[in-house]
Amino acid sequence: MGEIGKLGFGFMRLPEVEGADGSKEIDLDTLAGMVDTFMNGGFTYFDTARGYHGGRSEAALKAAVVDRYPRESFQVATKLPAWMAKDAADARAMFDASLEQTGAGYFDFFLLHNLGEERTRLFDDWGLWDYLAEKKREGLVRNLGFSIHDKADALEAVLDAHPEVDFVQLQVNYADWESETVESRKCYEAARARNLPVVVMEPVKGGSLVKLPDDAAAVLRNAAPDEPLAAWALRFAASLPGVLTVLSGMSTPAQVEENVRTMRAFRPVGPEERAALDHVRAILDGIPTVPCTDCRYCLKSCPQGVRIPAALASLNILALYGDEHRAQENYDWNASAGPASSCVACGACEDVCPQRIGIVRELVRAAGLFEKR
Ligand code: SF4
Ligand code: SF4
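- You'll find the protein entered in an unreviewed UniProt entry as Fe-S oxidoreductase, with Gordonibacter pamelaeae given as the organism.

**A closer look at the layout of surface pockets**
Where empty space is left becomes clear once a probe the size of a water molecule has been rolled over the atoms.
Turning to step 1, where the next piece is worked out: The calculated volume of the second largest pocket comes to roughly 190 Å³.
Turning to step 2, where the next piece is worked out: Lining the second largest pocket, in full, are Trp83, Asn114, Glu118, Arg119, Arg307, Asp332, Trp333, Asn334, Ser336 and Ala337.
Turning to step 3, where the next piece is worked out: Examining the composition of the lining of the second largest pocket, we find that three residues originate from one element, helix H14 (residues 324-334), more than from any other.
Turning to step 4, where the next piece is worked out: Its residues placed into classes, the lining of the second largest pocket shows three nonpolar, three polar and four charged.
Turning to step 5, where the next piece is worked out: Lining the lining of the second largest pocket are residues from two domains, each supplying at least three of them: domain 1 (7-279) and domain 2 (297-370).

**Observations concerning the side chain of Arg235**
Turning to step 1, where the next piece is worked out: By the element assignment, Arg235 lies in helix H9 (residues 229-238).
Turning to step 2, where the next piece is worked out: On the accessibility criterion, Arg235 (2% relative accessible area) is buried.
Turning to step 3, where the next piece is worked out: Excluding anything up to four places from it in sequence, Arg235 contacts Glu227, Thr262, Phe266, Arg267, Pro268, Val269 and Glu273.

**Concerning the domain arrangement of the protein**
Turning to step 1, where the next piece is worked out: When the domains of the protein are assigned, the result is domain 1 (7-279) and domain 2 (297-370).
Turning to step 2, where the next piece is worked out: On a C-alpha basis, the centroid separation for the pair domain 1 and domain 2 is 26 Å.
Turning to step 3, where the next piece is worked out: In this assembly, 16 residues from domain 1 lie in contact with eight residues from domain 2.
Turning to step 4, where the next piece is worked out: Buried surface at the junction of domain 1 and domain 2, both sides included, amounts to about 1000 Å², of which 48% is carbon and sulfur.
Turning to step 5, where the next piece is worked out: Summed over the shared surface of domain 1 and domain 2, the number is four salt bridges.
Turning to step 6, where the next piece is worked out: Its salt-bridge partner being Asp323, residue Lys211 comes within 3.3 Å of it at the nearest N-O pair.

Criteria and thresholds
- Residues numbered from 1 in each chain as written.
- Chains lettered and ligands numbered in written order.
- Predicted model: local features only at pLDDT ≥ 70, side-chain atom pairs only at ≥ 80, totals over all residues.
- Heavy atoms only, no water.
- 1 Å grid on protein atoms, 1.4 Å probe; cavity = no way out; pocket = protein on both sides within 12 Å on 5 of 7 lines; lining within 4 Å.
- Points joined across faces, edges and corners; volume = space filled by probe spheres on them.
- Helix = DSSP H or I, 4+ residues; strand = E, 2+ residues; numbered from the N terminus.
- Nonpolar A, V, L, I, M, F, W, Y, C, P; charged D, E, K, R; others polar.
- Domains from an automatic or database assignment.
- Buried < 20%, exposed > 50% of the residue type's maximum accessible area, 1.4 Å probe, protein only.
- Contact = heavy atoms within 4.5 Å.
- Buried area = accessible area lost by both parts, 1.4 Å probe.
- Salt bridge = Lys/Arg side-chain N within 4 Å of Asp/Glu carboxyl O.

Dropping the structure here:
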């Protein structure tokens with residue numbers, strides 16, 4: 001796989017400008033400057049996906065990277081979201097569309113996008129593993145892997161069924177390390193038990209870890225006054241053995257500059273710093289949240305297909321970090337397919353919830369907060 005810098009550029013939260021018709025467009029000039037800072041810093045890994053930025057991220061990568069740098073000087077990773085396709089043929093066609101959109105010629109890293117829950121089955125049913133293995137034999141894919149937003153047992157099931165994968169992409173950050181819903185540590189350990197390289201996504205939890213509550217931020221500022229909060233998060237993830245690179249979805253030139261500075265001078269997190277991060281996690285754990293453990297029993301009983309745990313997770317992001325943007329982003333990605341507003345208050349979910357959560361009440365709150373637009 002070769003030596004790759006520990007900072008990867010995620011193309012999911014790119015800078016935007018207002019277009020002529022008032023709609024938001026990706027700000028390609030600013031993005032090109034950010035890419036230059038990143039490349040000049042010695043980093044080369046770019047991560048995009050068909051679904052990012054309403055389907056415009058791959059073309060932005062072509063304009064800002066592929067058309068401006070020699071192909072062998074950087075790595076491109078993109079992803080196939082079968083769950084956005086209407087059938088197997090449609091899903092397969094996404095591969096060629098990504099090749100065309102990125103102009104990359106081949107993919108250094110190609111991922112089956114966002115496995116987990118009922119999505120995992122689609123990739124098998126539609127023969128996409130075999131299809132992509134063929135692309136690898138043809139030289140169009142150099143490393144084949146998948147990203148997953150699910151718990152360790154779901155990850156292990158995929159790894160058992162597909163031992164051929166070259167790498168995995170996992171949500172790893174210090175806040176979710178011991179989380180019962182994300183299981184960062186357990187997922188990471190499952191991958192490492194199989195000697196698989198790990199690409200880390202969401203190291204800063206979509207930006208939430210730079211918006212810590214004051215008392216939690218004070219712990220880190222006392223431990224290292226000059227260390228940016230994002231640096232703590234990136235360094236935690238990059239310190240883990242077997243991590244290939246740590247993706248950061250950077251939106252501004254200042255973020256790129258700061259992250260490049262941090263990762264050029266990368267120092268693994270030491271024992272005292274680790275203790276400080278444990279302290280922050282304890283503070284976050286003490287903030288009242290909806291006590292959902294993401295067991296998903298409720299999903300099976302809901303006649304409306306409401307994405308209950310995802311909606312509750314957005315409420316919790318808001319409670320923990322006050323991060324409206326991130327909470328909304330989580331809702332749009334993970335809950336909007338079964339919106340809280342479609343709940344008919346039948347109570348079936350509450351009957352099976354082991355945490356005895358007043359789900360109907362919480363869904364009313366979620367709909368009010370996240371379905372305003
Ligand atoms: S109360 Fe609402 S969320 Fe719960 S099972 Fe019924 S429709 Fe679904
Ligand atoms: S049953 Fe309760 S704890 Fe389990 S996912 Fe649903 S709301 Fe969360």
